[in-house]
Amino acid sequence: MHIGADGWVDGMRRHPSPNIDARPEGMPIDLIVLHNISLPPAQSATDFGSDDVLNFFTNTLDCDAHPYFDQLRGVRVSAHFFVRRTGECVQFAPCDARAWHAGASDFFGRTRCNDFSVGIEIEGTDDQPFTPEQYAATASLVRAICAAYPIAAIAGHSDIAPGRKTDPGPCFDWAHLRKLGGFNAALFPYQRAP
């Protein structure tokens, strides 16, 4: 994977979200935040694969299609990337733009993590394992982001919004991602080295 000068990954499927804006002037992009998401929340491995997340991030979700969606009416969020169970990646925003994924957040005293982070949503839940294809795609994506920006850390949503968020959850294998990507352990300040 390669991120072009426009902040889009060359050849990746694009599904532009309106839920983005400009980062603060001169703000370095130095954090990657990993999330999980499924809509409606998956109860089993067969519940994944719909376009509901894509529709949610582009404000086209039919909130009458499922009872869970009623609470999402008027909610405006996005992420830079979505990694499906198959390993397919979809990009919603150029990396240079501020996506609305972290919400109220704090990275070692730096608040408003959306200002300086890239958000990757991985299709899944807190209590189901992720797929080998997702780990491979996420590792490749993280490597590309690190090659294009001065990334100093990779964190989970739960790390920067403790008590409010739990994702990517206890089933996410941080050590596997680190090994697969050949990443330095120093990039994972919230994870204990094995």
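All residue numbers refer to position in the chain's written sequence, counted from 1. Thresholds applied to this predicted model are a pLDDT of at least 70 for local features of residues and 80 or more for the giving and counting of side-chain atom pairs; totals over whole chains, interfaces and linings are not thresholded and use all residues. Hydrogens and waters are ignored; side-chain quantities use all the structure's heavy atoms.

**Some remarks on the pattern of salt bridges**
Consideration 1: Whenever a carboxyl oxygen of Asp or Glu lies within 4 Å of a side-chain nitrogen of Lys or Arg, that contact is scored as a salt bridge. Evaluation of the coordinates by the stated rule reveals 10 salt bridges.
Consideration 2: In this structure, aspartate 115 and arginine 112 form a salt bridge, with 3.2 Å as the shortest nitrogen-oxygen distance.
Consideration 3: We classify aspartate 115 as buried; its relative accessible area is 8%.
Consideration 4: Taken together, the shared-partner salt bridges connect Arg13, Asp51, Arg84 and Glu88 into one network. Here the term buried applies to any residue with accessible area under 20% of the maximum for its type, exposed to any over 50%, and partly exposed to those in between, with areas from a 1.4 Å probe on protein chains only.

**Overview of the sheet that holds strand 4 (residues 81-83)**
Within a beta sheet, neighbouring strands are joined by backbone hydrogen bonds and run either parallel or antiparallel to one another.
Consideration 1: Two strands are said to pair when DSSP picks up at least two bridges between them. Runs of E in the DSSP output that reach at least two residues are strands. Runs of H or I that reach at least four are helices, and both are numbered from the N terminus. Ordered by their spatial adjacency, six strands build an open sheet running 1-5-4-9-3-10, and the pairing between neighbours is mixed. A single partner strand is all that each edge strand has here, and the edge strands are strand 1 (13-14) and strand 10 (153-156).
Consideration 2: Taken together, the seven bridges between strand 3 (residues 31-37) and strand 9 (residues 117-123) define a ladder with parallel strand orientation. Each bridged residue has a counterpart across the sheet, and for asparagine 36 the counterpart in strand 9 is isoleucine 122.
Consideration 3: In this description, contact between two residues means that some pair of their heavy atoms is separated by no more than 4.5 Å. Angles here are taken between N-to-C directions and fall from 0 to 180 degrees, while the axes themselves are lines fitted to C-alpha atoms, restricted in helices to the stretch in contact. Each of strand 3, strand 4, strand 5 (89-91), strand 9 and strand 10 touches helix 2 (residues 132-148); the most contacted strand, strand 9, lies at about 170° to it.

**A few points about the packing of helix 2 against helix 4 (residues 174-181)**
Consideration 1: Close contact between helix 2 and helix 4 brings their axes to 9 Å; oriented N to C, the two are set at 60°. Classified by the angle between their axes, helix 2 and helix 4 sit oblique to one another. Handedness of the crossing formed by helix 2 with helix 4: right-handed. On helix 4, the residues touching Tyr135, Ala136, Thr138, Ala139 and Arg143 of helix 2 are His176, Leu177, Leu180 and Gly181. Roughly parallel means an angle under 35 degrees; roughly antiparallel, over 145; roughly perpendicular, 65 to 115; everything else is oblique. Helix crossings get a hand from a simple test, with the near helix turned counterclockwise from the far one by less than a right angle marking a left-handed crossing and a clockwise turn marking a right-handed one.

**Remarks on the packing of aromatic side chains**
Consideration 1: Pairing of aromatic rings covers Phe, Tyr and Trp, the last counted by its six-membered ring, and requires centre-to-centre distances within 6.5 Å; plane angles under 30 degrees mean stacked, over 60 mean edge-to-face, and any other angle means tilted. Evaluation of the coordinates by the stated rule reveals 11 aromatic pairs.
Consideration 2: Judged by centre distance (5.0 Å) and plane angle (80°), the rings of phenylalanine 57 and phenylalanine 92 are edge-to-face. Residue phenylalanine 57 is located in helix 1 (residues 52-57), and its partner phenylalanine 92 is located in the loop between strand 5 and strand 6 (97-99); the two are separated by 35 residues in the primary sequence.
Consideration 3: By relative accessible area, which is 1% here, phenylalanine 57 ends up buried.
Consideration 4: On the numbers, 6.3 Å between centres and 50° between planes, the contact of phenylalanine 183 with phenylalanine 188 is tilted.
Consideration 5: The buried category is assigned to phenylalanine 183, whose relative accessible area is 12%.

**Thoughts on the environment of valine 90**
Consideration 1: As for its placement among the helices and strands, valine 90 is situated in strand 5.
Consideration 2: Since its relative accessible area comes to 0%, valine 90 is described here as buried.
Consideration 3: For the pair valine 90 and alanine 65, spaced 25 residues apart in sequence, the C-alpha separation works out to 23 Å.

**What to know about the side chain of arginine 98**
Consideration 1: Examined against the element boundaries, arginine 98 turns out to sit in strand 6.
Consideration 2: Throughout this description, a polar contact denotes any pair of N or O atoms lying within 3.5 Å of each other; where both atoms belong to protein, one of them has to be capable of donating a hydrogen while the other can accept it, and for residues adjacent in sequence the pair is counted only when both atoms sit in side chains. Within polar-contact distance, the side chain of arginine 98 engages the backbone oxygen of alanine 22 at 3.1 Å.
Consideration 3: Reaching out from arginine 98, the side chain makes a polar contact with the side chain of aspartate 115 at a distance of 2.5 Å.

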